[in-house]
Amino acid sequence: MRAVNRRLRAPGANTESGAPSPVGRKGGLPRYVVAAALARTADGGAVVAVVLLVTASGGSGTLAGVLGACVTAPHLLGPFVARPLDLARDGRKVIAVACLLYALALTAGVLTYDRVPAPVTGLLLAVAGTCGPLLTGGISSRLPAIVGPRLRTQRRAQGWDVATYGIGGTVGPSLVAALSGGVSPSAAALALAGGAGVAAGCVLLLPHAPPAHGGDRAAILKPGPTLALMARTGRLRRTVCLTMIVALSVAALPITAVHMTKILGVDPATAAVLTAAYGLGNLAGSAVLMVSPLNGDPDRLMRRLALGVVVGLGLVAASQVFALSVAAYGLTGILNALFFAATLAARTEYAPAEARGQVFIWVAALKITSGSAGTALAGSLTGLDVRLPLLLGIAAITAITVVAGRPRSTSRPRAR
């Protein structure tokens, strides 16, 4: 355990006395939660606001989809905008600038819609989307330095981090829906932009963490070598694979919910209850983590919790009664929150300090890509069988988990 704590010691810790550095001073975590929740609420609701803005003004579904994609697709560029975070002397400034640029670009995109050619609006929204990875994985990469070197403290803080993702994914779209109905979609989008602007100020109030490169900027890897490092490092490689396959599988749940209402004999509108149960389960899982953080090796935890998600998906697929389906969706949300926390722990504990920001954002970008692919795949497969996407997800997670858990040879050549 002493070795683990030395490896996890946050940058700037007092390694001579073992006392926590100013980086982990009291009050850092609450400020982090506020900043992260605001930023992720803006990022989580923006695409819904853009789609509603277009459709409410009489725009075509194709245009709504394209402009919505302008917000989400640039997240794939995350690894290429992450390096400045690792290079910076003060990473807070990089994230704060990203939050502010996100707010300005989203505001400009909304205000210019229908007043300038659509490609101009799309370009402005793409600028906002390019900043998105720094509002998600980028902020997460700051957490270990904020809370200090103690493993249990970091694990509990990761529960709060999972909660901010859950808040962003539920409050963001809900806020947009409420403001769009009561005021207008543009007002909803501007409210999200305002939240991102406030998040910029909150980020600057976070405790300062000295740069991991210690002044040696040449030691910071570029995006390609960082990906190669992840590919050849077994524990990081398994983190990426499990994260992607679980994201692909659970992305089928909202699509499946709509089609399962026919089997369950309920109104199609009640599909929202199922998806809400999943979201609430996610928040409940993060609450459990705050009280009782995960213990053990993240590599092993990820495999076990991935199989837990398999159980949840199996219950969703097997349920024939609406109440049981609601419970199954909620349980799957809880299990996925626990799994997500394990992946955050893996990124924190296995990524080299000089590339931690890039590793966080690489995994986040690949997760988003897999989730998008999972949604598209589920949409095409539910026409064949409602449960087919879930069954394929169960098979894929199980297969990857079995392969990931296969014992690796530790034999050494015999001395002659």
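Residues numbered from 1 in each chain as written. Predicted model: local features only at pLDDT ≥ 70, side-chain atom pairs only at ≥ 80, totals over all residues. Heavy atoms only, no water.

Another point: the environment of A73. Looking at the secondary structure, you find A73 in the loop between helix 3 (61-72) and helix 4 (78-87). In this structure the C-alpha to C-alpha distance between A73 and A126, which are 53 residues apart in sequence, comes to 7.9 Å. (Helix = DSSP H or I, 4+ residues; strand = E, 2+ residues; numbered from the N terminus.)

Looking at the element boundaries, Q158 is found in helix 9 (residues 151-182). The residues contacting Q158, other than those within four sequence positions of it, are L143, A341, L344, A345 and T348. (Contact = heavy atoms within 4.5 Å.)

So, about unusual backbone geometry. Residues other than glycine seldom take positive phi values, yet D114 does so here, at roughly 70 degrees. Along the chain, the position of D114 falls in the loop between helix 5 (91-112) and helix 6 (118-135).

In this model, the protein chain carries a mean pLDDT of 84, and residues with pLDDT of at least 70 account for 89%. Highest mean pLDDT in the protein chain belongs to helix 15 (residues 298-318) (95); lowest belongs to helix 1 (residues 2-7) (40). Confidence drops under pLDDT 50 across residues 1-24; counting only partners more than four residues distant or on other chains, this segment forms 37 contacts. Segment residues 409-416 is flagged for pLDDT under 50; beyond a separation of four residues in sequence, or across chains, it makes 0 contacts in the model. (pLDDT = per-residue confidence, 0-100.)

Let us now look at the pattern of salt bridges. In the structure shown here, the tally under the stated rule is 5 salt bridges. In this structure, R92 engages D90 in a salt bridge whose closest nitrogen and oxygen atoms are separated by 2.8 Å. The salt bridge involving R155 is made with E349; its shortest N-O contact spans 3.0 Å. Residue R155 is found in helix 9, and its partner E349 is found in helix 16 (residues 322-350); the two are separated by 194 residues along the sequence. For the pair R155 and E349, one class covers both residues: buried. Where salt bridges share partners, they join R238, D299 and R303 into one cluster. (Salt bridge = Lys/Arg side-chain N within 4 Å of Asp/Glu carboxyl O. Buried < 20%, exposed > 50% of the residue type's maximum accessible area, 1.4 Å probe, protein only.)

A complete count under the given rule lists 2 aromatic pairs for this structure. Between the aromatic rings of Y165 and F340, the centroid separation amounts to 5.0 Å while the plane-to-plane angle is 80 degrees, which identifies the pairing as edge-to-face. Note that Y165 is positioned in helix 9 and F340 in helix 16, a separation of 175 residues in sequence. Looking at F340, the relative accessible area reads 9%, which means it is buried. Positioned over the ring face of Y165 is R40, at 3.9 Å from the centre of the ring. Geometry around F340 places K367 over its ring, the cationic atom sitting 3.8 Å from the centre. (Phe/Tyr/Trp six-rings, centres within 6.5 Å; stacked < 30°, edge-to-face > 60°. Lys NZ or Arg CZ within 6 Å of the ring centre and 35° of its normal.)

Turning next to the packing of helix 2 (residues 28-56) against helix 3. It is the contact of helix 2 with helix 3, at a shortest axis distance of 9 Å, that shows an interaxial angle of 155 degrees. If you check the angle between helix 2 and helix 3, you find them roughly antiparallel. Considering only the axes of helix 2 and helix 3, their crossing is right-handed. Counted together, A46, V47, V50, V51, V54 and T55 of helix 2 and L63, A64, L67, G68, V71 and T72 of helix 3 form the full contact between these two elements. (Axes fitted to C-alpha atoms, helices over the stretch in contact; angles between N-to-C directions. Parallel < 35°, antiparallel > 145°, perpendicular 65-115°, else oblique. Left-handed = near helix turned anticlockwise from the far one by under 90°.)

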